[in-house]
Amino acid sequence: MKILLIEDEKDLADALTAILLKNNYSVDNAYEGEYGLDCALTCIYDLIILDVMLPKLDGFAVLAHARGAGITTPVLMLTARGETRDKVAGLEAGADDYLPKPFAIDELLARIKALGRRKGEYLAGGEHNLGNNRLFNPMSLELKTESGTVNLTLKESQLLELLLSHRNTYTSKDMIIEKLWSYDADVVDSHVESQVSLLRKKLSAACPALSIKASRGVGYRLEGLDDV
């Protein structure tokens, strides 16, 4: 796995790089946001570890620009900020996981392995026909329509695939957290709500007949498949 580490604390970045190399990961370093974004836009990385507090361009801006450019590489945000609002902001910008400082190295390595494992698990399926010449491709994280292609983040793709696999029933928030983040992740219901909201917007643009129905205390269900 090739990792891009965007971290401005050089001593920490160098220490993490040494640990990752020892665990057989390939690592490139960026010590500020603008250069980190340039690296991310090359599309050569399997995972990006991204600090929030960066010079020149902060982590939220780096992530927003990368996702806006269609970069779907999984992103693990690494930051001293631990408040829920900051975690939600990162997830809404397109992060796939969030690890506050200080952290245990074993936990960082576990998060990296989990992202890689879940990516392989979710992207194993083929294309899904959503009707009316609309296709969902979890391998490329794309919604393809006659008018163009809508890019999904890894989490949006995982959520859509999960809802499709449970199309005849509701999927609970607990199940979504387990499948997308795992129970050991520091995730709350608002993270799920943010991901559902983001996916709704993209489905509305690409597949207007499809919608995500919410039932309080029950979960979410994908509706409209029988109408397309």
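Residues numbered from 1 in each chain as written. Predicted model: local features only at pLDDT ≥ 70, side-chain atom pairs only at ≥ 80, totals over all residues. Heavy atoms only, no water.

Here the focus is the pattern of salt bridges. Inspection of the entire model under this criterion finds 11 salt bridges. Among the salt bridges present, the one from Lys 101 reaches Glu 7, with a minimum N-O distance of 3.0 Å. Placement of Lys 101 in the loop between strand 5 (97-100) and helix 5 (105-122) and of Glu 7 in the loop between strand 1 (2-6) and helix 1 (10-22) is noted, with a sequence separation of 94 residues between them. If you follow the salt bridges from partner to partner, you end up with Glu 7, Glu 9, Asp 51 and Lys 101 in one network. (Salt bridge = Lys/Arg side-chain N within 4 Å of Asp/Glu carboxyl O. Helix = DSSP H or I, 4+ residues; strand = E, 2+ residues; numbered from the N terminus.)

Now for the packing of helix 6 (residues 154-165) against helix 7 (residues 173-180). Interaxial distance between helix 6 and helix 7 falls to 11 Å at its minimum, and their mutual angle equals 130 degrees. In terms of axis orientation, helix 6 runs oblique to helix 7. Crossing of helix 6 over helix 7 shows right-handed handedness. Between helix 6, through Lys 155, Gln 158, Leu 159 and Leu 162, and helix 7, the contact on the second element is made entirely by Met 175, Ile 176, Lys 179 and Leu 180. (Axes fitted to C-alpha atoms, helices over the stretch in contact; angles between N-to-C directions. Parallel < 35°, antiparallel > 145°, perpendicular 65-115°, else oblique. Left-handed = near helix turned anticlockwise from the far one by under 90°. Contact = heavy atoms within 4.5 Å.)

Moving on: the sheet that holds strand 3 (residues 47-51). Read from one edge of the open sheet, five strands run 2-1-3-4-5, paired in parallel fashion. With one partner strand each, in any of the chains shown, strand 2 (26-30) and strand 5 form the two edges of the open sheet. Ignoring which end each strand starts from, the neighbouring axes of this sheet average 20 degrees apart. Here strand 4 (residues 75-79) runs beside strand 5; their pairing, made up of four bridges, is parallel. (Pairing = 2+ DSSP bridges.)

Looking now at the sheet that holds strand 7 (residues 134-137). Taking strand neighbours across the sheet as the criterion, the four strands line up as 6-7-8-9 in an open arrangement whose pairing is antiparallel. Every other strand in the sheet has two partners, leaving strand 6 (128-131) and strand 9 (148-151) as the edge strands with one partner each. Between one strand axis and the next, the sheet turns by 20 degrees as a mean value, whatever way the strands run. Across three bridges, strand 7 lies against strand 8 (residues 142-145) in antiparallel orientation. Counterpart to Leu 135 in the pairing with strand 8 is Lys 144.

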